[in-house]
Amino acid sequence: MKKYGLYPGCVMPTEQYALEKSIREVLQLLDIELVDLKGFSCCGEPLKSVNQMMTITLSARNLAIAEKEGLDLIVPCPMCHLALSDCKRILDTDPSMNQKVNKFLEDEGLKYTGKSNVFHTVEILHNVVGIEKIKEKVKKSLKELKVATHYGCHLFRPSEVGRPVDSENPQEIENILKAIGANPMDYPEKLDCCGGLLNANLPESALTKTGQKLQKVQEQGFDVFIDVCPWCHRQYDTKQKKAGETVAAKLEMPVMYLTQLLGLSFGISEEKIGLDLNLSPVDKLKLGGK
Amino acid sequence: MSITDLTSMGEPQTEIRKEINDRLCKLQDEISDYCYQCGKCTSGCEAHKLLELEPHKIVALLKRGLIDEMVNSDVIWTCMSCFKCRERCPQKIAPVEVLFALKNMAVASGKQIPGNYTALLQSVLSIGLLQDIKSVTTRDNKTKNRSDIGLPDISKPTDSTKFQMMISKIAIEKV
């Protein structure tokens with residue numbers, strides 16, 4: 001059993017409980033052990049517009065906590081994953097920045113040395129667990145299910161920082177979905193943004209972005225929309241009704257986390273993957289195929 | 001410790017301003033050599049269609065040194081940080097990073113921080129996270145919280161005094 005620290009971030013552990021629950025259930029079944037560490041804070045990325053030094057210091061602080069336990073981290077939120085990866089890249093190549101940031105960490109008795117690595121859930125599933133093992137666990141094949149995938153901007157851009165998937169043609173989630181029998185298909189809007197970050201100052205515009213993309217997905221006849229990011233999911237699932245109203249469209253698109261759909265296919269109960277927490281019409285999905 | 005002390009909104013932080021200005025000048029020098037205004041950034045910009053952000057124009061204005069004008073404009077706050085412009089620029093210029101620097105500059109200059117950012121900052125300062133634990137509603141209108149769902153205690157800074165000290169040092173010292 002491989003062991004990782006779980007870095008929860010802010011949005012997942014304070015409201016997107018279905019993501020956390022389904023990750024815990026699915027990874028356990030796939031022999032990945034998650035360790036809960038004390039003392040984590042925000043990764044700082046949502047505050048980058050306010051103060052970039054705060055972003056990099058908060059990220060370094062969280063990495064230092066993982067280093068203390070000698071663990072690599074699984075980071076389910078793409079935004080946190082970008083912040084921690086970017087922080088590592090900067091501190092490992094810029095000694096003066098490294099020194100400056102470590103000075104801030106001294107008060108809490110922490111030190112960033114660069115020992116711990118960060119992984120996203122999609123990376124763990126695709127590269128560490130592997131497609132073959134996922135296939136072995138399938139109890140219910142999701143045949144014929146037409147799936148639109150949404151990775152979340154920060155999972156694949158900017159590639160300069162080193163991202164887990166390709167920036168223009170990511171296929172990892174598609175490969176995982178094919179392993180459980182589903183039928184993922186590309187669509188023109190696949191790489192577009194959910195607008196979620198605008199929630200801080202322009203919430204209406206954020207919902208417009210969300211509604212526009214989801215409307216296009218609905219028009220193209222997909223059965224389900226799969227995401228992995230708690231910010232994106234909050235837009236597409238939790239706020240779907242409002243997003244529809246904002247673009248004057250009736251949206252009825254089932255939206256699920258990748259780990260929720262995996263859980264269903266592995267025979268995990270709906271309760272254990274938090275399916276009752278999805279506010280989009282996931283009940284209309286006829287899972288199990290024709 | 002209040003948020004006003006944190007960002008020194010009443011009193012512009014000249015030290016920080018100077019540092020960010022140096023950073024922008026450096027960006028300006030680099031960009032002057034490389035950006036040829038092809039507009040590829042704007043053609044893909046997520047905020048362009050909806051909110052009229054034009055990253056190539058931001059770069060052009062930076063080349064001309066019109067930094068204060070941009071710092072005082074609301075348009076810099078329409079970026080969604082999708083990083084398409086940084087990814088696709090043929091000259092490896094990152095308008096999104098210019099925008100981050102301009103927004104940092106606006107905050108350090110004592111301009112009012114737009115929207116909810118002040119509340120987010122305040123929350124990180126007091127509990128270490130963007131927001132506190134929320135109760136959620138299920139599809140059939142039941143209210144649930146973390147423990148109902150069987151999730152363990154949330155991870156947050158253990159010594160909040162020391163954590164707050166660190167945050168305030170970052171805000172007050174140089175950027």
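No experiment lies behind these values; they were computed from the predicted model shown.

The interface of chain B with chain A comprises 65 residues on the first partner and 70 residues on the second. Of the roughly 5900 Å² buried at the junction of chain B and chain A (both faces included), carbon and sulfur atoms supply 60%. The tally of links between chain B and chain A comes to 10 salt bridges. Among the salt bridges present, the one from Arg139 of chain B reaches Asp283 of chain A, with a minimum N-O distance of 3.0 Å. Across the contact surface, chain B and chain A share 35 residue pairs in polar contact (both at pLDDT 80 or more). Across the side of chain B that touches chain A, the residue classes break down as 32 nonpolar, 13 polar and 20 charged.

A separate point is the side chain of Ser85 of chain A. Residue and element names in this part refer to chain A. Tracing the sequence through the fold places Ser85 in helix α4 (residues 78-93). On the accessibility criterion, Ser85 (10% relative accessible area) is buried. Those residues in contact with Ser85 that lie beyond four places of it in its chain are Val118, Val161 and Arg163.

For the rest of this paragraph, the subject is the packing of aromatic side chains. Counted under the stated rule, the structure contains 7 aromatic pairs over all chains. For the pair Phe83 of chain B and Phe100 of chain B, a centre-to-centre distance of 6.4 Å together with 40° between the ring planes defines the contact as tilted. With Phe83 of chain B in the loop between α6 (67-71) and α7 (84-88) and Phe100 of chain B in helix α8 (residues 95-108), this pair connects stretches of sequence that are 17 residues apart. For Phe100 of chain B, a relative accessible area of 3% puts it in the buried group. Positioned over the ring face of Trp231 of chain A is Arg234 of chain A, at 5.1 Å from the centre of the ring. Its end group placed over the ring of Trp77 of chain B, Lys103 of chain B keeps NZ or CZ at 5.9 Å from the ring centre.

This paragraph deals with the nonpolar core. One finds Leu73 and Phe225 of chain A together with Leu102 of chain B to be the most contacted residues of the largest nonpolar core, which totals 110 residues. Sorting elements by how many residues they give to this core places α8 of chain B first, with 10 residues. In contact with Leu73 of chain A, other than residues within four places in its own chain, are Gly5, Tyr7, Leu37, Phe40, Asn62, Leu63, Ala66, Leu84, Asn117, Val118 and Phe119 of chain A. Ranked by size, the runner-up nonpolar core spans 51 residues in total, among them Val165 and Phe266 of chain A together with Ile149 and Leu151 of chain B.

Residues and elements named next belong to chain A. Looking at chain A, the domain boundaries give domain 1 (37-119) and domain 2 (138-284). The centre of domain 1, based on its C-alpha atoms, is set 28 Å off from the matching centre of domain 2. Taken together, the contacts link 10 residues of domain 1 with 14 residues of domain 2. For the pair domain 1 and domain 2, the two sides together bury roughly 990 Å², of which 76% comes from carbon and sulfur. Among the residues of domain 1 in contact with domain 2, Pro78, Met79 and Leu82 are the three that bury the most area, contributing 54% of the side total. One can count 0 salt bridges joining domain 1 with domain 2. Along the contact surface separating domain 1 from domain 2 lie 2 residue pairs in polar contact (both at pLDDT 80 or more). The residue inventory of the side of domain 1 that touches domain 2, partitioned by class, reads 6 nonpolar, 2 polar and 2 charged.

With that out of the way, let us pick up the sheet that holds strand β1 (residues 2-6) of chain A. Residues and elements named next belong to chain A. Ordered by their spatial adjacency, 4 strands build an open sheet running β2-β1-β3-β4, and the pairing between neighbours is parallel. The open sheet terminates on both sides in strands that have one partner only, identified here as β2 (32-36) and β4 (118-119). Of the strands in this sheet, β1, β2 and β3 (73-74) are in contact with helix α2 (residues 17-29), which crosses β2 at around 140°.

All names here are of chain A. The pairing of β1 with β2 spans 5 bridges and is parallel. Bridge assignment links Lys2 to a residue of β2, and that residue is Ile32. Across 2 bridges, β1 lies against β3 in parallel orientation. Along β3, the bridge assignment pairs Leu6 with Ile74.

We now examine the state of the cysteines. Counting across every chain of the model gives 0 disulfides over all chains. Here Cys42 of chain A stays free of any disulfide, with the sulfur of Cys10 of chain A as its closest cysteine sulfur at 4.0 Å. Left unpaired, Cys45 of chain B is separated from the closest cysteine sulfur, that of Cys82 of chain B, by 6.4 Å. You can call Cys45 of chain B buried: its relative accessible area is 17%.

For chain B, the assigned domains are domain 1 (14-108) and domain 2 (117-170). On a C-alpha basis, the centroid separation for the pair domain 1 of chain B and domain 2 of chain B is 32 Å.

The next point concerns the pattern of salt bridges. With the rule as written, the count across this model stands at 28 salt bridges over all chains. For Lys144 of chain B, the salt bridge goes to Asp276 of chain A, with nearest N and O atoms at 2.8 Å. Here the residue Lys144 of chain B occupies a position in strand β2 (residues 143-144), and Asp276 of chain A occupies one in the segment after α13 (258-265), the pair thus bridging two chains. We note a salt bridge from Lys156 of chain B to Asp132 of chain B, for which the minimum N-O separation is 3.9 Å. Of this pair, Lys156 of chain B sits in the loop between β2 and α10 (160-172) while Asp132 of chain B is found in the loop between α9 (117-127) and β1 (136-137), placing the two residues 24 residues apart along the sequence. The partly exposed category is assigned to Lys156 of chain B, whose relative accessible area is 27%. Here Asp132 of chain B falls in the partly exposed class, since its relative accessible area comes to 41%.

A few words on the sheet that holds strand β7 (residues 224-227) of chain A. All names here are of chain A. Read across the open sheet, the 4 strands follow the order β6-β5-β7-β8; overall the sheet is parallel. Because the sheet does not close on itself, it has two edges, and the strands there are β6 (183-184) and β8 (255-257). Pairing analysis gives 2 bridges linking strand β5 (residues 146-150) to β6, with the strands arranged parallel. Bridge pairing links Lys146 to Asn183 in β6. Contacts from helix α9 (residues 172-179) reach β5, β6 and β7, with the element oriented near 150° to β5.

About the thresholds
Residue numbers restart at each chain and count upward from 1, following the sequence in its written direction. Working convention: letters from A go to chains and numbers from 1 go to ligands, in the order in which they are written. Confidence filtering applies because this is a predicted model: local features only for residues at pLDDT of at least 70, side-chain atom pairs given and counted only at 80 or more, and all residues used for totals across whole chains, interfaces and linings. For side-chain calculations, the full set of non-hydrogen atoms in the structure is used, while hydrogens and water are omitted. Between two residues, a contact is recorded if the distance between any of their heavy atoms is within 4.5 Å. The buried area of a pairing is the accessible area, by a 1.4 Å probe, that goes missing from both parts when the two are put together, added over both. Any carboxyl oxygen of Asp or Glu within 4 Å of a side-chain nitrogen of Lys or Arg constitutes a salt bridge here. Contacts described as polar in this section are N or O atom pairs within 3.5 Å, which, within protein, must combine one atom able to donate a hydrogen with one able to accept it, while residues neighboring in sequence count only if both atoms come from side chains. Throughout, the ten residues Ala, Val, Leu, Ile, Met, Phe, Trp, Tyr, Cys and Pro are labelled nonpolar, Asp, Glu, Lys and Arg are labelled charged, and all others, Gly among them, are labelled polar. Per the convention used, a helix needs a DSSP run of H or I reaching at least four residues, while a strand needs a run of E reaching at least two, with both numbered from the N terminus. Working definition: with a 1.4 Å probe on protein chains only, accessible area under 20% of the residue-type maximum means buried, over 50% means exposed, and in between means partly exposed. Whether two aromatic rings pair depends on their centres lying within 6.5 Å, for rings of Phe, Tyr and Trp, where Trp uses its six-membered ring; planes under 30 degrees apart make the pair stacked, over 60 edge-to-face, and the rest tilted. Charges are assigned to positions over rings by a cutoff of 6 Å between ring centre and Lys NZ or Arg CZ, combined with an angular limit of 35 degrees from the ring normal. Here, nonpolar core refers to any group of buried Ala, Val, Leu, Ile, Met, Phe, Trp, Tyr and Cys residues whose side-chain atoms link them within 4.5 Å. Just so you know, the domain bounds were taken from an automatic or database domain assignment. By definition, two strands form a pair when at least two bridges between them are found by DSSP. Here an axis means a line fitted to C-alpha atoms, over the contact stretch when the element is a helix, while the angle between two N-to-C directions is reported on a 0 to 180 degree scale. Note on terminology: disulfide denotes any pair of cysteine sulfur atoms within 2.5 Å.

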